[in-house]
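What follows is the residue order along each chain.
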Amino acid sequence: MQKILCITVIACHMLMITLPCVPSPLVGEMVIKKVKNTTIIANMGSNQGITPNSIFLIVKKGPDGQKMVGKAKVLLVEENISGLKVIELEPATQIEIGDLLIPASSLDSQEENIFSKVQEMDNVSLKGSQKIDYYQRGEETAQQEYSGGGATAGGLLAGASLGLIGWGIGYLIVSNKSVDVPRRHISSLEPQPKMDFSAGYKDYVKKKRNSSFNVGAGIGTLIAIVIVVSANSQ
């Protein structure tokens, strides 16, 4: 019996030595399950120790490791889910499903100092290159590609044919005509930059098209008036 007991103790001791140490997950670390604008839904709640007004760091995972991109505050807590509001976010950053939320209190002073230094370095690097204004870029691209020549010709024809009536009817048609943005300009853009670029492109084309039509219609109407006056004077 003593031999069996001794063998059992030795086996258990060897098992404890050879078993690998599996690290436990960080307490309070959450995963983003849903995001809309500045509202975040995470996968933990009161059962996991999450409390209202807690501050979490928004962390993105990438090929080069993890990067803190902002902060969020817990506003609503249920048993296994919580809702947060984004209170800080780096420019041109998009929060995605699967990004992490790490309690701000889990960082020691040295880690917080490193994060602050990295953010300062990012801010310095961005001083020389301001955030891209995609709306303005859309306007500039449209300016290069759209001259309004067709609208001017259409206005000239409408004004010369029907005078003020043709001008008015033609303007209603032209002003309500849609604008298509070439896919080559927006196919590689993220959703928000794509919307901004498209808005700038469309706004410029509409303004240019309307003004070009009015110029053509004005000239056409003037021609029509001259023809009528000349015909009556003879």
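Rules of the game
- Residues numbered from 1 in each chain as written.
- Predicted model: local features only at pLDDT ≥ 70, side-chain atom pairs only at ≥ 80, totals over all residues.
- Heavy atoms only, no water.
- Core = buried A, V, L, I, M, F, W, Y, C linked by side-chain atoms within 4.5 Å.
- Buried < 20%, exposed > 50% of the residue type's maximum accessible area, 1.4 Å probe, protein only.
- Helix = DSSP H or I, 4+ residues; strand = E, 2+ residues; numbered from the N terminus.
- Contact = heavy atoms within 4.5 Å.
- Pairing = 2+ DSSP bridges.
- Axes fitted to C-alpha atoms, helices over the stretch in contact; angles between N-to-C directions.
- Parallel < 35°, antiparallel > 145°, perpendicular 65-115°, else oblique.
- Left-handed = near helix turned anticlockwise from the far one by under 90°.

1. Notes on the nonpolar core
Consideration 1: Membership of the largest hydrophobic core comes to 15 residues, with the highest contact counts inside it found for Met30, Ile40, Phe56, Ile58, Leu84 and Leu101.
Consideration 2: Here the element with the most residues in this core is strand S4 (residues 65–77); it accounts for three residues.
Consideration 3: Apart from the residues lying within four places of it in its own chain, the contact partners of isoleucine 58 are Ile40, Lys67, Met68, Val69, Gly70, Lys71, Ala72, Val86, Glu88, Ile95, Leu100 and Leu101.
Consideration 4: Core analysis: the second largest hydrophobic core is formed by 10 residues, Tyr134, Val181, Leu189 and Phe197 among them.

2. Structural notes on the sheet that holds S4
Consideration 1: Here six strands make up a closed barrel; going around it, the order is S1-S2-S5-S4-S3-S6 and the pairing antiparallel. Sheet twist, expressed as the mean angle between neighbouring strand axes with direction ignored, is 45°.
Consideration 2: Sheet analysis places S4 next to strand S5 (residues 82–89), joined by seven bridges and oriented antiparallel. Residue lysine 71 lies in a different strand from S5, and its bridge partner there is glutamate 88.

3. Overview of the packing of helix H3 (residues 134–145) against helix H6 (residues 191–233)
Consideration 1: Put simply, H3 and H6 touch, their axes get as near as 7 Å, and they point 40° apart. Regarding the angle of H3 to H6, the classification is oblique. In terms of crossing hand, the pair formed by H3 and H6 is right-handed. In this structure, H3 uses Tyr134, Tyr135, Arg137, Gly138, Glu139, Thr141, Ala142, Gln143 and Glu145 to contact H6, whose residues at the interface are Pro193, Asp196, Phe197, Ala199, Gly200, Tyr201, Asp203, Tyr204 and Val205.

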